[in-house]
Number of protein chains: 2
Amino acid sequence: MTLQGIAEQLGLHVSTVSRVLNGRQDGHTRAASGDTARRIRNLADELGYRPNPLATGLRTRRSNLIGVLVPRLSEIVMATIYEGAEEAAASHGLSAFVTNTHDDPALQRERITMVLARRVDGLVIGDAHLDGAALDLPGLRTTPFVLVNRRTSAGHTSVTCDDRLGGRLVAEHLLALGHTSVGVIAGEPFASTGADRTEGFVERYREAGLPLPASRVVHSAFDTAGGRHAAHNLLAMQEDRPTALFAVNDFAAIGAAGAARDLGLRLGRDVALAGFNDTPLVAELPVPLTSVHSPMAEQGRRAVNLLLRRIAGEEIRSEILTPHLMARESTGGPVGAPLL
Amino acid sequence: MTLQGIAEQLGLHVSTVSRVLNGRQDGHTRAASGDTARRIRNLADELGYRPNPLATGLRTRRSNLIGVLVPRLSEIVMATIYEGAEEAAASHGLSAFVTNTHDDPALQRERITMVLARRVDGLVIGDAHLDGAALDLPGLRTTPFVLVNRRTSAGHTSVTCDDRLGGRLVAEHLLALGHTSVGVIAGEPFASTGADRTEGFVERYREAGLPLPASRVVHSAFDTAGGRHAAHNLLAMQEDRPTALFAVNDFAAIGAAGAARDLGLRLGRDVALAGFNDTPLVAELPVPLTSVHSPMAEQGRRAVNLLLRRIAGEEIRSEILTPHLMARESTGGPVGAPLL
DNA sequence: ACGTTTGGCCCAAACGTTTGGGTGCTGCAT
DNA sequence: ATGCAGCACCCAAACGTTTGGGCCAAACGT
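We now turn to the structure provided with this report. (Residues numbered from 1 in each chain as written. Chains lettered and ligands numbered in written order. Predicted model: local features only at pLDDT ≥ 70, side-chain atom pairs only at ≥ 80, totals over all residues. Heavy atoms only, no water.)

**So, unusual backbone geometry**
Residues and elements named next belong to chain B. Even without glycine at this site, Arg61 takes up a positive phi of about 60°. Positive phi is not limited to glycine here, since Asn277 has a value of about 115°. For Asn277, the location among the structural elements is in the loop between strand E9 (272–274) and strand E10 (291–293). Relative accessible area serves as the criterion here: at 4%, Asn277 is assigned to the buried category. (Helix = DSSP H or I, 4+ residues; strand = E, 2+ residues; numbered from the N terminus. Buried < 20%, exposed > 50% of the residue type's maximum accessible area, 1.4 Å probe, protein only.)

Shown next as structure tokens:
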């Protein structure tokens, strides 16, 4: 059913119907008499009329669509952020569509172009690289966007967790437990998350007079395989093996736990381990994992809200959310025997 | 840049440009001379022309959009299925947009209505309930859809894993290991996945002359908390405590592992545990989890392909993919001591 | 009684495509 | 010469909205 249809059935002009249906329910519009307005509204929802977004979008130059880019949605962190984003978008009558870029700059450009071709009103970018690659596309100069989860060194507007602080919290915790020889599974160098968490951690240890040798910070993929691999390297050291590891995300930490097991090391006793993000499942692991809780869905919501304000023409500023340490047995918490 | 723009710059009519740009690159179109066609194409990609999908959609009544409904994207199973779906959609020039329904029928209806209002060409539904609730919306009679992961008892077209077989495989495995007293963490009763896996499992045990008492099959949420809770119930039995548990999905299994640990039971020695889906991380757990591998991304791809054929007017039939058992230590695999 | 407001509606253009149907021209066979 | 077939285009309507600008009658002020 179209506006036309409704107008004809009521013997009115389509523009009248349009105005009535767009005016706010309550306020007295100048579009039509109260009676006419009522008749229009009744017929409209009797017929289950929904404006055709293609027509509306064509006319108004607003698609009410936002595009969301993520490295991969099957990473729970990104999926959760997206849940928040979609919720916020839906509550404003927008639809969101997501696409996976696998952290490949060529694919990022391609997807951004595709998303822009769809005439989105804005985009939320969750796969930014520190160097801002792919963010230089000409289309991005005219369509607003907000980064989420990861920032760039160029300082594009973003909503992130205070990753540096998160890293410091872990360092603080491990220092308090007496760990002087530690290692970091640092994630991919192009992601600000890993880089900042590592930096905060290393910085705190440096402040404590225990600077980490370069060999103690190893990059890795963000998945379990990457964590396992990196942990193998770190734990295989014969002399002065680290007594604690900090993995910059939970999945790498789970991989690291696997590596520790392979080497016959008991988590929380022979070696301490901390992750990041406090993914729901880590508390349930056989040895519950110490992790840094970061408000992920909230990041998604805020990114969308920020984007919407930007679309509305407001000036906007980056937002940084505060993380919290969740100490558990993997670092020798309540149940385990004291570490060291 | 619009078609109009290009046409003007070249002194041609917009329709000519349209025909050239829509005709296939190679074939000789009747729209324009080879020379004109070349000029049009050159200018078009020099200007980076992209057709406005709102205008195209309005005219052709095809949005090139498909909607995807999932319970929640932060469940890795659904996220992976969506990855496959998005990949397939993108390769056909379509965009997909996902929305979370949290398995709440009211929200399902609302979202389906919203998605239909967007004039999608079709939808992939990953959150179907066995009873087909929410699938009776009038709009779904005119817009094609395909179910994925879960089927309905009404037999809507779907792409699923052979869940019943998967359940049987686990039963077979546990029987071979000598387990006569087992329990099932059965998931939500409204999801065919859990129901079918449970049924296959129970059926195989019945065939083996070991019918499960009703108390040995407990429903649960699909997350870790649900699994933990259900496992507590099953393992708390004083006499004739089950020696093996089958959780119908990996996350419930992880929760169950947590419960076992709380009760001082060692996985793969005191109690065997199997999950379902072979989520990437379960192989990395401290005690690697036996699970049933199901091709998730493939399900997503197939669902989209099926949908596209349906949109093109073909008759389509449900597809069922075959699962495989991945035996690991949690059921007393290679490394653990023999169970029982 | 006469101008002015304002309420209630209609008109028509525009957004950017696609597509069925022209039209005029060239070249060829009759 | 005449008919006819292509070719290379153009024309215009349509898809379903929104929106600036009318227009007419009733109400109002003086």
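**Things to note about the pairing of strand E8 (residues 244–247) of chain B**
Residues and elements named next belong to chain B. Of the two faces of E8, the one holding Ala244 and Phe246 and the one holding Leu245 and Ala247 are both buried throughout. Both strand E6 (residues 182–185) and E8 contribute to a ladder of 4 bridges, which runs parallel. Pairing of Gly183 across the sheet is with Leu245, part of E8. As paired elements, E8 and E9 share 3 bridges and run parallel to each other. Considered in E9, the bridge of Leu245 is made with Leu273. (Pairing = 2+ DSSP bridges.)

**Some points on the nonpolar core**
Membership of the largest hydrophobic core comes to 100 residues, with the highest contact counts inside it found for Ile185 of chain A together with Ile185 of chain B. If sequence neighbours within four positions are ignored, Ile185 of chain B has contacts with Val218, Ser220, Gly227, Ala230, Ala231, Leu234, Leu245, Phe246, Ala247, Val248, Ala252 and Ala256 of chain B. Core analysis: the second largest hydrophobic core is formed by 32 residues, Val120, Leu123 and Phe145 of chain A together with Leu116 of chain B among them. (Core = buried A, V, L, I, M, F, W, Y, C linked by side-chain atoms within 4.5 Å. Contact = heavy atoms within 4.5 Å.)

**Describing the packing of aromatic side chains**
When we look at a pair of aromatic rings, we describe it by the centre distance and by the angle of the planes. Residue and element names in this part refer to chain A. Applying the stated criterion across every chain yields a total of 6 aromatic pairs over all chains. Measuring from ring centre to ring centre gives 6.5 Å for Phe246 and Phe276, while their planes differ by 45°; the resulting arrangement is tilted. A residue pair is termed long-range when its members are at least 10 positions apart, and Phe246 in strand E8 (residues 244–247) and Phe276 in the loop between strand E9 (272–274) and strand E10 (291–293) qualify at 30 residues. In this structure, Arg197 is placed above the aromatic ring of Phe276, and the distance from its NZ or CZ to the ring centre is 3.8 Å. (Phe/Tyr/Trp six-rings, centres within 6.5 Å; stacked < 30°, edge-to-face > 60°. Lys NZ or Arg CZ within 6 Å of the ring centre and 35° of its normal.)

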